[in-house]
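Below, each chain spelled out in residue letters.
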Amino acid sequence: MRTVRALQRLSRDLVCPCPPLLFVRSWSVAQSQSCSSSSAEKPMPGNSMLRHLTSKIKATGPISVAEYMREVLTNPVMGYYVQNDMLGPDGDFITSPEISQIFGELLGIWCLSEWMGAGKPSRFQLVEFGPGRGSLANDILRVFSQLRGALGGAAVSVHLVEVSPKLSQIQAQCLTGDQSQVSASEDEPVYRQGTTTTGLPISWYRNLDDVPRGFSIYLAHEFFDALPIHKFQGTEKGWREVMVDIDPDEPGKLRLVIVPAPTLASTQLIQADEKRRHVEVCPEGGVIVQRLANRIAKDGGAALIADYGHDGTKTDTFRGFKSHELHDVLASPGSADLTADVDYSYLRRMAGATVACMGPISQKDFLKNMGIDTRLQVLLRNCADPSTRAQLIQGCDMLTNPLKMGERFQFFTMLNHSRLTRPEQSKRGKKMAPVPKMGPAPLPVAGFSELGLS
Ligand code: SAH
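A quick note: this is a predicted structure, and the numbers were derived from the prediction, not measured. (Residues numbered from 1 in each chain as written. Predicted model: local features only at pLDDT ≥ 70, side-chain atom pairs only at ≥ 80, totals over all residues. Heavy atoms only, no water.)

If you had to explain unusual backbone geometry to someone new, which residues and values would you point to?
Geometrically, the link from Gly-359 to Pro-360 is a cis peptide bond, its omega value of 5 degrees lying close to zero. Mapped onto the fold, Pro-360 is located in strand E17 (residues 356-362). Of note, the phi angle at Ser-323 is positive, near 45 degrees, even though the residue is not glycine. Residue placement: Ser-323 occurs in the loop between strand E13 (319-322) and strand E14 (325-327). When its relative accessible area of 12% is taken as the criterion, Ser-323 is described as buried. Notably, Ser-332 is not glycine yet its phi reads approximately 30 degrees, a positive angle. Turning to its location among the elements, Ser-332 is positioned in the loop between E14 and strand E15 (337-339). With relative accessibility at 29%, the residue Ser-332 sits in the partly exposed group. (Helix = DSSP H or I, 4+ residues; strand = E, 2+ residues; numbered from the N terminus. Buried < 20%, exposed > 50% of the residue type's maximum accessible area, 1.4 Å probe, protein only.)

Below you can see the structure in the form of structure tokens.
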């Protein structure tokens, strides 16, 4: 009970700071609901990307959907993520951290509570995958700064895994002002370094493997859905891979085909007891989750993965987004976002028994458990401006309403096993066998259980 109170106090310290800090993103629900905005001024790499893909297919035959996605999204020269700032009302899609500051603040509380639950280690790495514009990290770091006392002098550092030079620049501006430098050589594992506006060391990497080892809280928000998937179709002859080919009727167009013979992927990636007839598998996501699980098991810490997803039930979820509208995944490749729902049952399987997994739980339940209603009330109490009040209310509704983002987005966590067990305290130095004495009950995992914060 004592520990639950500590967590409640932490959350109240955040929801009742004096004065509460209010940030309004340049976003309105009207824009987001109509899901449409102009992308007229955006570069249109579609043609050169299409040429690149068609010459690849001409040379080697149809390519997997995974290869198609990898090229379109992260090709180092013309990839969609490499070239664009795609987030926000003027981009192609909007994400929860961009909608409301409350989202990041509650995730900041989550990070702190996991650090507390792990016994407040003296060093604490915050690692974020695919930080977009840096808004989530910014809101989290503001919480760390406001609740500095709770962190008790722990050495906190920030580590961002980001493939896009363009977005890393935007993140650096958001998080450090101009207090960051790019590395002298492009090949350096740390390609940018600096100090956050709250005074913490911050570094940028392209791969998880380059992030230093140590107790870490890993966050991935709308990151796994951007990783390449393979697509498979069940046929009378068994599982066959769906691939991308040139349309023979219109050579300037691409089409999806089911290849006649099994591929390495179709023989390796389908579970023997698979019941669905169409399956999407993201092996890159599986590898990242395995690496995270190993790190968490050895170094301590936790990972929080939030994305739209399912628990091994959905089939065809591969889709494109352009200017907030659905977009044909094969049309003008490179000009639109490509995405597929995260299969949490696959991630859980890849994590194995190395870590304890919880979730997926809906965004609505997660945020309600984290005290979103209380935080909203505090911000409203201190805000007189009607349009800001309306934005705050609409933002929270967008995040939690089951018909908007509340049910589609799911939260999943991987924890070090020790996090959920009551430590055994045995008396040492006695001749007789030590009598195990149970330590205090572990802190509940915030967000995944009700803490009674309101
Ligand atoms: N998390 C942010 C942005 C989501 S968009 C938000 O919720 O607002 C996806 C992010 O992942 C972008 O920052 C993109 O550049 C990054 N990304 C995509 N593929 C990646 C990869 N393979 N490695 C590292 N970052 C990647």
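Describe the packing of aromatic side chains, and please don't skip the residues or the numbers.
The full count for this structure, using the stated rule, is eleven aromatic pairs. Aromatic pair Tyr-308 and Phe-409: ring centres 5.2 Å apart, planes at 85 degrees, arrangement edge-to-face. Of the two residues, Tyr-308 is situated in strand E12 (residues 301-310) and Phe-409 in strand E18 (residues 409-415); the sequence distance between them amounts to 101 residues. You can call Tyr-308 buried: its relative accessible area is 6%. Phe-409 gets classed as buried once you look at its relative accessible area, which sits at 5%. By way of ring pairs, the aromatic residues Phe-103, Phe-366, Phe-411 and Phe-448 are connected into one cluster. The ring of Tyr-308 has Arg-408 sitting right over it, with the charged end atom 5.2 Å from the ring centre. (Phe/Tyr/Trp six-rings, centres within 6.5 Å; stacked < 30°, edge-to-face > 60°. Lys NZ or Arg CZ within 6 Å of the ring centre and 35° of its normal.)

Could you give an account of the sheet that holds E13, with specific residues and numbers?
Strand-to-strand pairing in sheets goes through backbone hydrogen bonds, with the strands running parallel or antiparallel. On the basis of which strands lie adjacent, the open sheet formed by three strands has the order E14-E13-E15 and antiparallel pairing. Each having just a single partner strand, E14 and E15 make up the two edges of the open sheet. Put simply, the sheet's adjacent strands are angled 40 degrees from each other on average, direction ignored. Bridge count between E13 and E15: three bridges; the pairing is antiparallel. In the strand pairing of E15, Arg-319 is matched with Thr-339. (Pairing = 2+ DSSP bridges. Axes fitted to C-alpha atoms, helices over the stretch in contact; angles between N-to-C directions.)

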